Amino acid sequence: MLSPGGVTRGRQLLPLRLWPRRSWGDGSIMASMQTTGRRVEVWFPKRLQKELLALQNDPPPGMTLNEKSVQNSITQWIVDMEGAPGTLYEGEKFQLLFKFSSRYPFDSPQVMFTGENIPVHPHVYSNGHICLSILTEDWSPALSVQSVCLSIISMLSSCKEKRRPPDNSFYVRTCNKNPKKTKWWYHDDTC
């Protein structure tokens, strides 16, 4: 039986290793996964493929998909972002990293800023982690990559003062690499 972390045999969870993906003429993408002694094939959801095409063909303003980032894996994207005109971030360039689990869209993507320029913002930590409720507890399968991008643009655009979160130093020193493993406390709607 396939579970989120691997294949179960009885009650024992066996780790999975991803093998190279294959593309089929109908647009489906398949990856083979190797378990101890067994090979399992997993189909990536058409939803993810559909969102990739939507982001390529009709990206939110100031955002473009970094085409090189999806050449090797459909489950990890880099989105290039430009600060909106008339905001504190006008003319600045950023990169967002999206990582999708096999449970997407029922499980939110892991989203964080990456690269050399991380925006200085009260809800963005210097390691790129973003404190935004739709990325964790307020996630819904009705949301999409485009709606996440628009929320992040809106969050940056509404900022009145460039500053890091007050607990930035402590958080960056002690946090998990995956921002989804953080138990965020959403208490500030103002920037």
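Residues numbered from 1 in each chain as written. Predicted model: local features only at pLDDT ≥ 70, side-chain atom pairs only at ≥ 80, totals over all residues. Heavy atoms only, no water.

### Observations regarding the packing of aromatic side chains
Applied cut-off: Any two rings among Phe, Tyr and Trp, with Trp reduced to its six-membered ring, count as a pair given centres within 6.5 Å; such a pair is stacked if its planes are under 30 degrees apart, edge-to-face if over 60, and tilted if neither. Secondary structure elements follow DSSP: runs of H or I of four or more residues count as helices, runs of E of two or more count as strands, with numbering from the N terminus. Exposure categories follow from relative accessible area, calculated using a 1.4 Å probe and restricted to protein chains: below 20% of the type maximum is buried, above 50% is exposed, and the middle band is partly exposed.
Applying the stated criterion across every chain, the model contains seven aromatic pairs. Ring geometry for Phe-94 versus Phe-113: centroids 5.9 Å apart, planes at 70 degrees, classification edge-to-face. Of this pair, Phe-94 sits in strand β9 (residues 93-99) while Phe-113 sits in strand β10 (residues 110-114), and the two are 19 residues apart along the sequence. The class of Phe-94 is buried, set by a relative accessible area of 2%.

### Quick notes on the confidence of the model for the chain
We count it as follows: Across the chain, each position has a pLDDT score giving the predictor's confidence in that residue, from 0 to 100. Throughout, a contact is declared for two residues whenever any of their heavy atoms are within 4.5 Å.
Of all residues in the chain, 72% have pLDDT values of 70 or greater, and the mean over the chain is 80. Scored below 50 in pLDDT, residues 1-36 makes 85 contacts in the model with residues more than four places away or belonging to other chains.

### Looking at the environment of Pro-59
When you line up the elements, Pro-59 lands in the loop between α1 (46-57) and β7 (63-65). Assessed through its relative accessible area of 28%, Pro-59 is described here as partly exposed. Discounting chain neighbours no more than four positions away, the residues touching Pro-59 are Ala-54 and Gln-146.

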